[in-house]
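# Remarks on the overall topology
Here are the chains, one letter per residue:
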Amino acid sequence: MRFGFAIGLFGVVILSHAAYSTVQYRGLLKIMEEEFSGPPLNVVAELLVGLVLCTWAALTVPGKFLSIHPDSEENRIVSLPDNMDFMIFNHRGRVLPSQLDLKLKH
């Protein structure tokens, strides 16, 4: 876990450096009175490397993925309690007809 956290921190540092390099590059272009058409290729490469490292860290640091399948043995909640506090009977659905007697025309 500490290795993944270090990789994520390194990815954030790389992304911060890429942002700083882009701002510095734009400042240089303003001094030279040229138009900004996009960041240099090395900054784009830094962005991609930083993105990959941060994504990898985000997927590995939290831990093992748990199953969301209801029949899985790993689930902590087996069934929902029968709590009447969350049952709502007074809602907008009461204005709809309870039985729809619509017939399709042939």
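Preceding this paragraph is the structure being described.
Predicted model only: the values in this text are computed from it and were never measured.

Cut-offs applied
Residues numbered from 1 in each chain as written. Predicted model: local features only at pLDDT ≥ 70, side-chain atom pairs only at ≥ 80, totals over all residues. Heavy atoms only, no water. Helix = DSSP H or I, 4+ residues; strand = E, 2+ residues; numbered from the N terminus. Buried < 20%, exposed > 50% of the residue type's maximum accessible area, 1.4 Å probe, protein only. Contact = heavy atoms within 4.5 Å. Axes fitted to C-alpha atoms, helices over the stretch in contact; angles between N-to-C directions. Parallel < 35°, antiparallel > 145°, perpendicular 65-115°, else oblique. Left-handed = near helix turned anticlockwise from the far one by under 90°. Nonpolar A, V, L, I, M, F, W, Y, C, P; charged D, E, K, R; others polar. Phe/Tyr/Trp six-rings, centres within 6.5 Å; stacked < 30°, edge-to-face > 60°. Lys NZ or Arg CZ within 6 Å of the ring centre and 35° of its normal.

Time to look at the overall build of the protein. A tally of regular secondary structure across the protein gives 2 helices and 0 strands. Per-residue burial for the protein yields a buried fraction of 14% across its 106 residues. Considering only contacts within the protein whose residues lie at least 6 apart along the sequence, 64% involve residues at least 24 apart.

Let's shift gears to unusual backbone geometry. A negative phi angle is the norm for most residues apart from glycine, just as the trans form is the norm for most peptide bonds. Of note in this structure, Glu-33 is not a glycine but carries a positive phi near 55 degrees. Tracing the chain through its elements places Glu-33 in the loop between helix H1 (2–31) and helix H2 (41–60).

Once that is clear, we can look at the packing of H1 against H2. Two elements in contact, H1 and H2, have axes whose closest approach is 8 Å; the angle formed by their N-to-C orientations is 155 degrees. Classified by the angle their axes make, H1 and H2 are roughly antiparallel. The crossing of H1 and H2 is left-handed. Grouping the constituent residues of the contact of H1 with H2 by class yields 15 nonpolar, 8 polar and 1 charged.

Applying the stated criterion across every chain yields a total of 2 aromatic pairs. Here Phe-3 and Trp-56 contribute two aromatic rings whose centre-to-centre distance is 6.1 Å and whose plane-to-plane angle is 75 degrees, an arrangement assigned as edge-to-face. Residue Phe-3 is located in helix H1, and its partner Trp-56 is located in helix H2; the two are separated by 53 residues in the primary sequence. Here Phe-3 falls in the exposed class, since its relative accessible area comes to 58%. When its relative accessible area of 38% is taken as the criterion, Trp-56 is described as partly exposed. In this structure, Arg-26 packs its charged tip against the face of Phe-36, placed 4.6 Å from the ring centre.

Relative to the helices and strands, Ile-7 is located in helix H1. Under the relative-accessibility criterion, Ile-7 is labelled buried at 18%. With 46 residues separating them in the primary sequence, Ile-7 and Leu-53 have C-alpha atoms 6.3 Å apart.

If you trace the backbone, Pro-62 turns up in the segment after H2. Residues Pro-62 and Phe-5, spaced 57 residues apart in sequence, show a C-alpha to C-alpha distance of 9.6 Å.

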